[in-house]
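Architecture at a glance
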Amino acid sequence: MKRVLSVLVLVALAIAPAAVFAQTEEPETMTFTSADGLLTLQAPAEWDSEELPAETGLPGVQLASSPETLDRLINGGALESGEQGVVVMLIPTDLMELIGIPVAQDGTASDLASAFAYSFTGVEPGAAEATAEPGMMATEDPFASNTNVSAVQTEELSSGVEAASVTYADSLSEGSIVAYELKDGLAVVIISIVVPDEYTDAFHQQIIDLASTIQYAGEPEDLVAALMGSMGVEPTSPDMSTAEPDAMMPAATEAVAG
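Residue positions are given per chain, counted from 1 along the sequence in the order it is written. Restriction of local features to residues with pLDDT of at least 70 applies here, the model being predicted, together with a cutoff of 80 or more for giving and counting side-chain atom pairs; totals for whole chains, interfaces and linings are based on all residues. Water and hydrogen atoms play no part in the side-chain values, which are based on all heavy atoms of the structure.

All right, on to the overall build of the chain then. A run of H or I in DSSP counts as a helix once it spans at least four residues, and a run of E counts as a strand once it spans at least two, with each numbered from the N terminus. Scanning the chain from N- to C-terminus turns up 7 helices and 11 strands. Relative accessibility thresholds used throughout: buried, under 20% of the residue-type maximum; exposed, over 50%; partly exposed, between the two (1.4 Å probe, protein chains only). A burial count over the chain gives 41% of its 258 residues as buried. Contact between two residues is taken to exist if any of their heavy atoms lie within 4.5 Å; hydrogens are not considered. For the chain, restricting intrachain contacts to residue pairs at least 6 apart in sequence, the fraction spanning at least 24 positions comes to 49%. Looking at the chain as shown, the accessible area adds up to about 13,500 Å², and 53% of this sits on carbon and sulfur atoms. We get accessible surface area from the Shrake-Rupley algorithm with a probe of 1.4 Å; when it comes to residues, only the shown protein chains can shield them.

Attention now goes to the nonpolar core. Residues Ile91, Met96, Ile101, Phe116, Phe120, Ile177 and Val189 are the most contacted members of the largest nonpolar core, which totals 33 residues. At the level of secondary structure, the elements contributing two or more residues to this core comprise helix H2 (67-75), strand S5 (85-92), helix H3 (93-96), helix H4 (109-121), strand S8 (162-169), strand S9 (174-183), strand S10 (186-194) and helix H6 (220-230). At 7 residues, H4 tops the list of elements feeding residues into this core. The contact partners of Val189, leaving out residues within four places of it in the chain, are Val87, Val88, Met89, Ile91, Phe116, Phe120, Ile177, Val178 and Ala179. Side-chain atoms within 4.5 Å link the members of a nonpolar core, which is a set of buried Ala, Val, Leu, Ile, Met, Phe, Trp, Tyr and Cys residues. If you look at the next biggest cluster of nonpolar residues, it comprises 28 residues, including Leu39, Trp47, Ile208 and Leu223.

Confidence along the chain averages 80 in pLDDT terms, with 72% of residues attaining 70 or more. pLDDT expresses, on a scale from 0 to 100, how confident the predictor is about each individual residue. Averaged pLDDT values for the elements of the chain fall to 40 in helix H7 (residues 245-257) and rise to 98 in strand S11 (residues 215-216). Counted against residues more than four places away or in other chains, residues 1-22, with its pLDDT under 50, gives 0 contacts. Note on residues 237-258: pLDDT is under 50 here. Beyond four places in sequence and across chains, it has 39 contacts.

In this section: the packing of aromatic side chains. Here is the rule: rings of Phe, Tyr and Trp (six-membered ring for Trp) pair when centre to centre is within 6.5 Å. Planes less than 30 degrees apart are stacked, more than 60 are edge-to-face, and the remainder are tilted. The full count for this structure, using the stated rule, is 3 aromatic pairs. Aromatic pair Trp47 and Phe203: ring centres 6.3 Å apart, planes at 65 degrees, arrangement edge-to-face. A residue pair is termed long-range when its members are at least 10 positions apart, and Trp47 in the loop between strand S2 (39-44) and strand S3 (48-51) and Phe203 in helix H5 (residues 201-213) qualify at 156 residues. For the pair shown, Trp47 and Phe203 are each scored as buried. Among the aromatic residues, those joined into a cluster by ring pairs are Trp47, Tyr199 and Phe203.

This next bit is on the pairing of strand S7 (residues 153-156). Inspection of the sheet shows S7 paired to S8 by 4 bridges, in the antiparallel sense. Paired with Thr154 across the two strands is Ala164, which belongs to S8. For two strands to be treated as a pair, DSSP must find at least two bridges joining them. Connecting S7 to the antiparallel partner S8 that follows it, the hairpin turn spans 5 residues, and Gly160 within it adopts a positive phi of roughly 95 degrees.

With that out of the way, let us pick up the environment of Glu124. Within the secondary structure, Glu124 sits in the loop between H4 and strand S6 (148-149). The contact partners of Glu124, leaving out residues within four places of it in the chain, are Tyr118 and Val149.

A word on the sheet that holds strand S1 (residues 29-33). The sheet built from 3 strands is open, its strands ordered S1-S2-S11 with antiparallel pairing. Either end of the sheet is taken by a strand with one partner, and the two such strands are S1 and S11. The pairing of S1 with S2 spans 5 bridges and is antiparallel. Residue Thr29 lies in a different strand from S2, and its bridge partner there is Pro44. Fitted lines through C-alpha atoms serve as axes, helices being fitted only where they are in contact, and the angles separating the N-to-C directions of these axes extend from 0 to 180 degrees. Together, S2 and S11 form the strand contacts of H5, whose direction differs from that of S2 by roughly 155 degrees.

A side-chain nitrogen of Lys or Arg and a carboxyl oxygen of Asp or Glu constitute a salt bridge if their distance falls within 4 Å. Here the structure, examined in full by the defined rule, presents 3 salt bridges. Across the pair Glu80 and Arg72 runs a salt bridge, and its minimum N-O distance is 3.9 Å. Exposure remark for Glu80: the relative accessible area of 47% places this residue in the partly exposed category. A salt bridge links Lys183 to Glu219; its shortest N-O distance comes to 3.9 Å. Of this pair, Lys183 sits in strand S9 while Glu219 sits in the loop between S11 and H6, and the two are 36 residues apart along the sequence.

Every helix has an expected span of 1.5 Å times one less than the residues it contains. Between its first and last C-alpha atoms H5 spans 19 Å; for 13 residues at 1.5 Å apiece the expected length is 18 Å, and the two agree. Of the positions making up H5, those classed as buried are Phe203, His204, Ile207, Ile208, Leu210, Ala211 and Ser212.

Non-glycine residue Asp197 carries a positive phi angle of around 70 degrees. Here Asp197 lies in the loop between S10 and H5. We classify Asp197 as exposed; its relative accessible area is 73%.

As structure tokens, this is what we get:
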């Protein structure tokens, strides 16, 4: 019996390193790079991607678990079971109030997540009654009044930056809204979507892993100048309130509002 136990121990010791390696092996990823080379991020290798349309005026990318899913995501079609869609957008914090997403200048990641969640769903995170208010984008959807948004949760990215997120669910879909400040004056918002009851911990971790890899070599001031210039507004004006919020809303939110 002792000999048998000794053999089993030796076998276990021989297998253990391989098992540990299998558990810690990094998943394969693909690298997305924007056309101007300024935005890069890593996503699961099997995902497909397409840069946000130039007319949005903001850096970003739409990602999906397959080419067919990406086509549905881009064209506003309903996703099917097993499909996953993600939209990543970078927004200068100086522009957020102009596009209807007010947040304090020194706002935290939680403040950003709350602001984005309310803007895109019309529901306050963690509200007891999840009913979209009149005038919010979500009211264009007949299911908006059934949208539920969780309280804000925070977690640390591998880069050491704090990110905040909420999960949402309605009759047709569920997912998450993750936000954080990538660099001074530049916010990241990541919106994910799946069919109801398919937002898993594993998918959430993929979103957090993706968030940790986002890099942007440009400056938020340049994005502000380009967007304001396209609207005929002097970008150096100390009072940017001369811009019409409604004029910017479609360009900045079309990719995530559908």
